[in-house]
Amino acid sequence: MSVTSFNALAMVDRLGKNDTITGLSGQLLGSAKTDARYAGVVKDAGNPMSIGEYTDLDREAVLGLQTQAILMSGFGEGFDDVSNARSAGLPGISVSNRMEEHALASAEWIKMIAAFYNAEGAANAEFRTIKSTFDKVASTVSGKVDGRDAGYLCVSAERGCEFICGHGKDTLVGRLLTRLVAGNVFTRGNDGLNGKPYDYEEAIGTGADADFFVVYDPMKMTLETLESDTRMKQFQPFKKGAYIADVDKNFEECRAKTYLDVDVLIRDFAIGLAPDLFPGEKGTCFTRSS
């Protein structure tokens, strides 16, 4: 097996099959130099080779490793990374769980990965665990945050946000907010599966009076943006500190596992929205600034 997808790697790891990995993308190998979790995966795999990047794979390396499948992300128009690999005679497999509209459907892709290993039983057990926690959190919060308007957005220019990029109701996180019975200020006219960018005027008109924000930037970057761009204080969640952002030390790991560990995701959101329902508990991937 070779892997270029962060999501797929999280699933292979969850199934305990890292020793089958013989090739990784340069980006994943690079993450192993700075993040302990990725370093552990590489160690378990026995120091796999680099097979290039997404749409620019090293065909000779892939063939030399006798790769039976390449688990890929399905990026680009027409899923270019997968289609390019297959047109070159390479066994590219699209792992596009991030495109699912429901969080549990995203996590359920672990069953597809398990099929390559005849490990469906293990995948079913993992999914049941995820679903059980997910449903328990949703039940705990149900009816407790009705009427609160939230938003899921990025704000850091360093991560590609010119001002704000907000997610609508049809994204995975948008549907997660709906599951928690919270409103979503970025719903109107926002049908993209990865949200849409908002300039200052549109952002203010849309989200200034929100009650709560989830910022999918690392906390350090978020705080730096709020400090440097005074316009952000026009938004009530930023003005009042009613927001959560990515935990800096867990950012790389959480970025890879979010679409699998949706039980962690909904718990983090619920703690942020209704901390009184989870006394003494802190988020794993998202948390408040203090």
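Since this is a predicted model, take the numbers as computed values, not measurements. (Residues numbered from 1 in each chain as written. Predicted model: local features only at pLDDT ≥ 70, side-chain atom pairs only at ≥ 80, totals over all residues. Heavy atoms only, no water.)

Here's the deal with the sheet that holds strand 7 (residues 92-94)
What counts here: Any two strands with at least two DSSP-identified bridges between them are counted as paired. In DSSP terms, a helix is any run of H or I states spanning at least four residues, a strand is any run of E spanning at least two, and both are numbered starting from the N terminus.
Overall, parallel pairing links the five strands, which are arranged 3-2-1-6-7 in an open sheet. In this open sheet, the two edge strands, each paired with only one partner strand, are strand 3 (49-50) and strand 7. Sheet topology places strand 2 (residues 23-24) next to strand 3; two bridges connect them, and they run parallel. Note on strand 3: the bridge partner recorded for glycine 23 is methionine 49.

Description of helix 3 (residues 36-45)
Selection rule: Each residue gets one of three labels from its accessible area relative to the maximum for its type: buried under 20%, exposed over 50%, partly exposed in between, using a 1.4 Å probe on protein chains only. What the arc measures is the spread of directions leading from the helix axis to the C-beta atoms. Residue contacts are counted whenever heavy atoms from the two residues lie within 4.5 Å of one another. N or O atoms within 3.5 Å of each other form a polar contact, as long as, within protein, one can give a hydrogen and the other can take it, and as long as residues adjacent in sequence are counted only when both atoms are side-chain atoms.
Those residues of helix 3 that fall on the buried side of the exposure criterion are Arg37, Tyr38, Val41, Val42 and Ala45. The arc enclosing the buried residues of helix 3, seen along the axis, measures out at 140°, which places them on a common side. Opposite the buried face of helix 3, by more than 90 degrees, sit the exposed residues Ala36 and Lys43. Where helix 3 is buried, its residues contact helix 1 (6-14), strand 2, helix 2 (26-31) and helix 13 (251-257). At the N-terminal end of helix 3, a side-chain oxygen is found 3.0 Å from the backbone nitrogen of arginine 37, two or three residues along, and the residue is aspartate 35.

Some details on a negative patch on the surface
Where we set the bar: Exposure above 30% relative accessible area and the absence of a salt bridge qualify a residue for a patch, where like charges join within 9 Å and nonpolar side chains (Val, Leu, Ile, Met, Phe, Trp, Tyr) within 5 Å. In short, Shrake-Rupley with a 1.4 Å probe defines the accessible areas, and a residue's cover is counted only from the protein chains shown. We count a salt bridge whenever a side-chain nitrogen from Lys or Arg sits within 4 Å of a carboxyl oxygen from Asp or Glu. Neither His nor the chain ends is counted toward charge; the positive residues are Lys and Arg and the negative residues Asp and Glu. Here the site of a charge means atom NZ of a Lys, CZ of an Arg, CG of an Asp or CD of a Glu.
Where like charges cluster on the molecular surface, the negative patch consists of Glu53, Asp56, Asp58 and Glu60. Position of aspartate 58 among the secondary structure elements: in the loop between strand 5 (56-57) and helix 4 (59-64).

Here we look at the packing of aromatic side chains
Just so we agree on the cut-off: Aromatic pairs are defined between Phe, Tyr and Trp rings, using the six-membered ring for Trp, whenever the two ring centres lie within 6.5 Å; interplanar angles under 30 degrees are classed as stacked, those over 60 as edge-to-face, and all others as tilted. In this scheme, the term charge over a ring applies when either NZ of a lysine or CZ of an arginine sits within 6 Å of the ring centre and within 35 degrees of the ring normal.
In the structure shown here, the tally under the stated rule is 12 aromatic pairs. Taking the centre distance of 4.7 Å and the plane angle of 20° together, the rings of tyrosine 152 and tyrosine 216 count as stacked. Of the two residues, tyrosine 152 is situated in strand 8 (residues 149-154) and tyrosine 216 in strand 12 (residues 212-218); the sequence distance between them amounts to 64 residues. Each member of the pair tyrosine 152 and tyrosine 216 is classed as buried. Ring plane angle 20° and centroid distance 6.3 Å describe the contact between phenylalanine 186 and phenylalanine 213, whose orientation is recorded as stacked. In this pair, phenylalanine 186 is assigned in the loop between strand 10 (183-184) and strand 11 (196-198) and phenylalanine 213 in strand 12, connecting sequence segments 27 residues apart. Of the two residues examined, phenylalanine 186 and phenylalanine 213, each falls in the buried class. A connected cluster of aromatic rings, assembled from ring pairs, spans Phe163, Phe186, Tyr198, Tyr200, Phe213, Phe235, Phe238 and Tyr243. Across from the ring centre of tyrosine 38, 5.2 Å away, lies the NZ or CZ of arginine 37, which sits over that ring.

As for the environment of aspartate 211
Checked against the element boundaries, aspartate 211 lands in the loop between helix 10 (200-207) and strand 12. Accessibility expressed as a relative area gives 32% for aspartate 211, which makes it partly exposed. As for aspartate 211 and phenylalanine 116, which are separated by 95 residues in sequence, their C-alpha atoms are 44 Å apart. In this structure aspartate 211 touches Gly147, Arg148, Asp149, Pro237 and Ala242, once residues within four positions along its chain are discounted. Here the side chain of aspartate 211 touches aspartate 149 through a polar contact of 2.7 Å, landing on its backbone nitrogen.

Quick word on the packing of helix 8 (residues 120-141) against helix 14 (residues 262-273)
Inclusion rule: Only the contacting stretch of a helix is used when fitting its axis, a line to C-alpha atoms as for every element, and angles between N-to-C directions run 0 to 180 degrees. Angular relationships are summarised with four words: roughly parallel below 35 degrees, roughly antiparallel beyond 145, roughly perpendicular across 65 to 115, and oblique for the angles in between. Here a crossing is called left-handed whenever its near helix is offset anticlockwise from the far helix by less than a right angle, and right-handed whenever the offset is clockwise. Each residue is assigned to one of three groups, with Ala, Val, Leu, Ile, Met, Phe, Trp, Tyr, Cys and Pro labelled nonpolar, Asp, Glu, Lys and Arg labelled charged, and all others, Gly among them, labelled polar.
Their axes nearest at 8 Å, the elements helix 8 and helix 14 cross at an angle of 20°. Comparing the axis directions of helix 8 and helix 14 gives the class roughly parallel. Crossing of helix 8 over helix 14 shows left-handed handedness. Of the residues in helix 14, those touching helix 8 at Ile130, Thr133, Phe134, Val137, Ala138 and Val141 are Val262, Asp263, Ile266, Arg267 and Ala270. When grouped by side-chain class, the residues that make up the contact of helix 8 with helix 14 number eight nonpolar, one polar and two charged.

Concerning the nonpolar core
The condition that has to hold: Nonpolar cores are built from buried Ala, Val, Leu, Ile, Met, Phe, Trp, Tyr and Cys residues. Side-chain atoms within 4.5 Å join them into one set.
Grouped together as the largest cluster of nonpolar side chains are 68 residues, with contacts concentrated most on Val3, Phe269 and Phe286. Counting 18 residues, the second largest nonpolar core, distinct from the first, contains Leu153, Val185, Phe213 and Tyr243.

Looking at the pairing of strand 13 (residues 243-246)
Across four bridges, strand 12 lies against strand 13 in parallel orientation. By the bridge assignment for strand 13, valine 214 is matched with isoleucine 244. Both strand 13 and strand 14 (residues 286-287) contribute to a ladder of two bridges, which runs antiparallel. Bridged to alanine 245 within strand 14 is threonine 287.

Observations concerning empty space enclosed by the protein
The probe, sized like a water molecule, is rolled over the atoms to show the empty space still left. The condition is simple: In the cavity and pocket records, a cavity denotes points on a 1 Å grid over the protein atoms alone where a 1.4 Å probe fits but cannot get out, a pocket denotes an open set with protein on both sides within 12 Å along at least 5 of 7 lines, and lining residues are residues with an atom within 4 Å of a point. Grid points are joined across faces, edges and corners, and a volume is the space filled by probe spheres set on the points.
One pass over the structure, following the stated rule, counts two cavities of 30 Å³ or more. The calculated volume of the largest cavity comes to roughly 60 Å³. Lining the largest cavity are Arg98, Tyr152, His167, Thr171, Leu172, Val173, Leu193, Asn194 and Tyr259. Take the lining of the second largest cavity: its biggest share by element is four residues, from helix 9 (residues 172-179).

Read these as layout, nothing more, since geometry by itself doesn't imply function.
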